[in-house]
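Residue-level structure breakdown
Residue strings, one per chain:
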Amino acid sequence: QVQLVESGGGLVQAGESLRLSCAPSGSIFSPNNMAWYRQAPGKQRELVAAITRGGRVNSADSVKGRFTVSRDNAKNTVYLQMNRLKPEDTAVYYCNADGYYRGSYSDYWGQGTQVFVSS
C-alpha cells in the first residue's frame, strides 16, 4: 500500500513562509504526477499546484507568484514553497500522487497537514 507522508505545516503570521514536503513511505512507488490540494473549513478541496515528472507545473491563480511547487524525482518528493502567506491560505493541505504500483495505475492521498495563517 502506498502511503504519502506530508510534513511542514504549522502556524504562521501573515506574510511569512512555510515549506511543505511529501514523499511516499514504505513502498516502491515512483510517482508520475504529484500535486498539492487544500481544503478550508466549509469549502471544497481545491487544487493548489501540480507538477509532472518532467517538471511541467500548473497552479491556481490565487497562489501564482506566491507558491512554488517543485519535486526531486530521485527522492520521489514533492515540495510546496509558500511565501507571503495570507489568512485565506489557512487550510488542510493534502499531497496527491499518481503512478504505477504493483502493476496498477492509481492515485493516492496523504493524510493532510494543517496550515494556519494568522492576521
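One can find the structure itself at the top, above this paragraph.
All of the points below concern the structure found in this document.

Rules of the game
As a convention, each chain's residues are numbered from 1 in the sequence order in which they are written. Thresholds applied to this predicted model are a pLDDT of at least 70 for local features of residues and 80 or more for the giving and counting of side-chain atom pairs; totals over whole chains, interfaces and linings are not thresholded and use all residues. As a convention, hydrogens and water are excluded, and side-chain values are obtained from all of the structure's heavy atoms. Counting from the N terminus, the helices are the DSSP runs of H or I reaching at least four residues and the strands are the DSSP runs of E reaching at least two. For every residue, the accessible area obtained with a 1.4 Å probe (protein chains only) is divided by the maximum for its type, and the residue is called buried under 20%, exposed over 50%, and partly exposed between those limits. Positive charges come from Lys and Arg, negative ones from Asp and Glu, while His and the chain ends are left out of the count. Salt bridges are counted wherever a side-chain nitrogen of Lys or Arg sits within 4 Å of a carboxyl oxygen of Asp or Glu. N or O atoms closer than or at 3.5 Å make up a polar contact, with two conditions inside protein: a donor-capable atom paired with an acceptor-capable one, and, for residues adjacent in sequence, both atoms drawn from side chains. Note on terminology: a nonpolar core comprises buried Ala, Val, Leu, Ile, Met, Phe, Trp, Tyr and Cys residues joined through side-chain atoms within 4.5 Å. Any pair of residues with heavy atoms lying within 4.5 Å of one another is described as a contacting pair.

**Quick look at the side chain of D98**
Position of D98 relative to the elements: it lies in strand β9 (residues 91-101). Of the buried charged residues, D98 lacks a salt bridge, with R71 as the closest side chain of opposite charge at 7.3 Å. Side-chain polar atoms of D98 contact the backbone nitrogen of N33, separated by 3.0 Å. A distance of 2.8 Å separates polar atoms of two side chains, one belonging to D98 and the other to Y105.

**Some details on unusual backbone geometry**
With glycine set apart, most residues show a phi of negative sign, and most peptide bonds adopt trans. Unlike most non-glycine residues, R84 shows phi in positive territory, near 45°. Looking at the element boundaries, R84 is found in the loop between β8 (77-82) and β9. R84 gets classed as partly exposed once you look at its relative accessible area, which sits at 48%. Residues other than glycine seldom take positive phi values, yet R102 does so here, at roughly 50°. Locating R102 in the fold gives a position in the loop between β9 and β10 (104-109).

**Concerning the nonpolar core**
Counting 29 residues, the largest nonpolar core has W36, V48, F67, V78, L80, M82 and Y93 as the members making the most contacts within it. Of all elements in the fold, only β3 (18-25), β4 (34-39), β5 (46-51), β7 (67-72), β8, β9 and β11 (113-118) reach the threshold of two or more residues within this core. If you tally residues by element for this core, the top one is β9, at 5 residues. Apart from the residues within four sequence positions on either side, L80 is in contact with L18, R19, L20, W36, V48, A49, F67, T68, V69 and Y93.

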